[in-house]
Amino acid sequence: MKHNFELIIDSIPYLIVTGIPIRNSNNEIVDFEISFVNSAMKKITEDSVEAGMRISQLWKNSENSTGFLEKAKAVAEGTPLVDEHYFSKKHNLWFKIDMFYIQEEDFFVTTLTDITADKNFSKQLQTALMTDSLTGLYNRNGLFQYMEKVLNEDEKNQKCTGIAILDIDNLKNINDSLGEKEGDDLIVKIANILIGFKSENYKVFRYGGDEFIIIMSNLTDEDEVAYIIDDLYNLLQTNKVKLSGGIAVSPVHSCKKEELIRYADMALCYAKKNGKNNLTYFEKYLEKAFLRHLTLETKMHTALKESAFKQYYQPQFDVHTGKLRGFEALIRWNDSELGDIPPSVFIPIAEETGLIVSIGNWVLETALETIKDWQERFNFNGIMSINVSPLQLSQDNFIFELSSMIEKYGVNPALLEIEITEGVMISHMNETIDKLQAIKDMGIKVSLDDFGTGYSSLSYLQMLPLNTLKIDKSFINNITSSDGIQANITSSIINMVKNMGLETIAEGVEQPEQLALLQKFNCNIVQGYLRGKPMPLNLCEEYLSGNEKALLTINSL
Ligand code: C2E
Ligand code: CA
Ligand code: CA
């Protein structure tokens, strides 16, 4: 059977044009004479292309007319055409162009394939990859491309670029307590406020879960960044939106995008630490503080491995009888290079990095070992209070670890007291209450530390399964002041807490006058430098074996 190839070629959707090379006297190809145009091509060109025309005329309306003729010549001379795309403004279509030269026949073919749908799809894909689906804002990928572009431009034009990382305060709490839908709604609301703020040389990106990045470009100086940020901050306040932000500026801090983001992020950390809902500019000293933070983090890992932590014990006494109630275990760390590092410095870092969980386990085990030993050697039956950090308590296996360690050392749980701070309540209130109840059910005492420093309210105290309440030193400091206000407050707190059936411990008692007042207020226990400072193991043991003088007090040398 003989095929009618012309008919076949006419029926396919590609645009096909064939041509025969036209050569000059030097045998160089100068153009092609069109020998065949298929139906698809005729249709799209409305019959304006036909056999006998020059192929150069085919491209005459495109901006790249000479380019295509040159390419066609190159193909005829043996250079293949690679991935050539052409956009027809007239038809609003993208074409892929292929060209072939059949040497034996001295014959040239070019085909045009409509790839508009592919192009649109990959453009959509590109946009999708760069866009955050929740807010419609550009995401990280979009950010990096955009930053690269504006940082280069601004550097060339000697302009400044500002970058601000904004982080929604407490989004996690909103998600946890009200549900993710509420959280998402808040993100969208904030995105809209940020988008609506300013348009020129200002672009908003969604950087992560609760983070946005704003790029301000083409600015004269650092001050201009500050003006924009001031306006933005006012707008956020008007909308009652709570965000923390860190800001870095190119070229002042760095010209590299990764560094600028890192610096803005460091500044953001400081903003968060300073009570949230504020914006902080990056300063060089922040980097130093960060490095110190990092050094401490590394050193803490080593300290754990090399047993560089020590435990001190601070005695607690009955206010009325003066008898020993027990001790609070307090961690100590002496680094060979940095010297003594106070727990107020390294515990928060251990919290942030999660290392507190291992440190906490060490603390627990050391304290149990000590009680066991003291029980055997000194018949000790006082209480050992142990500080448990919020992160440690929130571990799923905390109760299991605690009970297996108690079993391992064979310690009476009634001699143990767990000190927690209000930090544990911030999220997962119900879970925390259940956990504390389980600890209490094991016969261990539960104590609320630092009362009076946080948001403690009495109604909230009632919800917690507690045995003991420790009134913070900051409360005790002023109870002897002449106006009597602090004394009144402290006295009524002690009364109320007693009525709830809790034991009260006054912390940081340094003066005999304070002790006298606490006796008057019927406070149960005192802990402070007046009666005893935290002491190393050997001094505690000397004291437990009967030497009262072993106690370190505010009057000791
Ligand atoms: P805290 O639990 O409130 O411990 C009481 C702090 O007050 C201790 O400081 C203690 O030395 C100090 N102190 C006690 N009496 C007086 C006094 O009369 N005057 C003055 N000026 N200070 C007094 P320290 O040992 O530096 O501990 C600071 C904080 O570090 C502790 O506060 C606690 O929050 C944390 N911490 C200490 N050890 C541990 C631990 O083993 N685990 C955890 N998670 N945190 C710990
Ligand atoms: Ca404590
Ligand atoms: Ca305390």
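What counts, and where the lines are drawn
Residues numbered from 1 in each chain as written. Chains lettered and ligands numbered in written order. Predicted model: local features only at pLDDT ≥ 70, side-chain atom pairs only at ≥ 80, totals over all residues. Heavy atoms only, no water. Near = heavy atom within 4 Å. Polar contact = N/O pair within 3.5 Å; in protein donor to acceptor, adjacent residues only side chain to side chain. Helix = DSSP H or I, 4+ residues; strand = E, 2+ residues; numbered from the N terminus. Donors = N, O, S within 2.8 Å, 3.2 Å for Na, K, Ca; no water. Buried < 20%, exposed > 50% of the residue type's maximum accessible area, 1.4 Å probe, protein only. Contact = heavy atoms within 4.5 Å. Pairing = 2+ DSSP bridges. Axes fitted to C-alpha atoms, helices over the stretch in contact; angles between N-to-C directions.

(A) Region of the structure containing the site of ligand 1. The environment of ligand 1 is made up of 20 residues, and the closest members are Gln314, Arg332, Asp449, Glu510 and Tyr529. Within the side chain of Asp449, a nitrogen or oxygen atom sits 2.9 Å from an oxygen atom of ligand 1. In this structure, Glu507 approaches ligand 1 through a side-chain N or O atom, which is 3.4 Å from an oxygen atom. No other element matches strand E12 (residues 324-335), which puts four residues into the shell around ligand 1.

(B) How the structure looks around the coordination of the calcium ion (ligand 3). The coordination sphere of the calcium ion (ligand 3), as far as protein atoms go, consists of Asp449 (OD), Asp450 (OD), Glu507 (OE) and Glu507 (OE), spread over 2.1 to 2.4 Å. All donor residues of the calcium ion (ligand 3) come from one chain, and their arrangement in sequence is D-D-x56-E. A gap of 4.0 Å separates the calcium ion (ligand 3) and the calcium ion (ligand 2), which Asp449 links by coordinating each metal. On the criterion of sequence distance, the pair formed by Asp449 in strand E16 (residues 445-451) and Glu507 in strand E18 (residues 503-507) is long-range, its members being 58 residues apart. The pair Asp449 / Glu507 is uniform in exposure class, with both members buried.

(C) Just the side chain of Glu84, in detail. Within the secondary structure, Glu84 sits in strand E3 (residues 84-88). Discounting chain neighbours no more than four positions away, the residues touching Glu84 are Phe68, Lys71, Phe95, Lys96 and Ile97.

(D) Just the coordination of the calcium ion (ligand 2), in detail. Protein coordination of the calcium ion (ligand 2) is provided by Glu328 (OE), Asn387 (OD1), Glu419 (OE) and Asp449 (OD), with donor distances spanning 2.1 to 2.3 Å. Each donor residue of the calcium ion (ligand 2) belongs to the same chain, with the gaps between them written as E-x58-N-x31-E-x29-D. Judged by its relative accessible area of 4%, Glu328 is buried.

(E) Quick look at the side chain of Ser254. Tracing the backbone through its elements, the reader meets Ser254 in the loop between strand E9 (243-250) and helix H10 (257-273). The exposure class assigned to Ser254 is buried, which follows from its relative accessible area of 7%. At 2.9 Å, the side chain of Ser254 forms a polar contact with the side chain of Glu259. Every residue in contact with Ser254, bar those within four places of it in the chain, is listed here: Val249, Glu259, Leu260 and Tyr263.

(F) Spotlight on the sheet that holds strand E7 (residues 202-208). The strand order across the open sheet formed by five strands is E7-E8-E6-E9-E10, and the pairing between neighbours is mixed. Every other strand in the sheet has two partners, leaving E7 and strand E10 (279-281) as the edge strands with one partner each. For this sheet, the mean inter-axis angle between neighbouring strands, taken without regard to orientation, is 20 degrees. Looking at chain direction, E7 and strand E8 (residues 211-219) are connected through six bridges and run antiparallel. Along E8, the bridge assignment pairs Val204 with Ile214.

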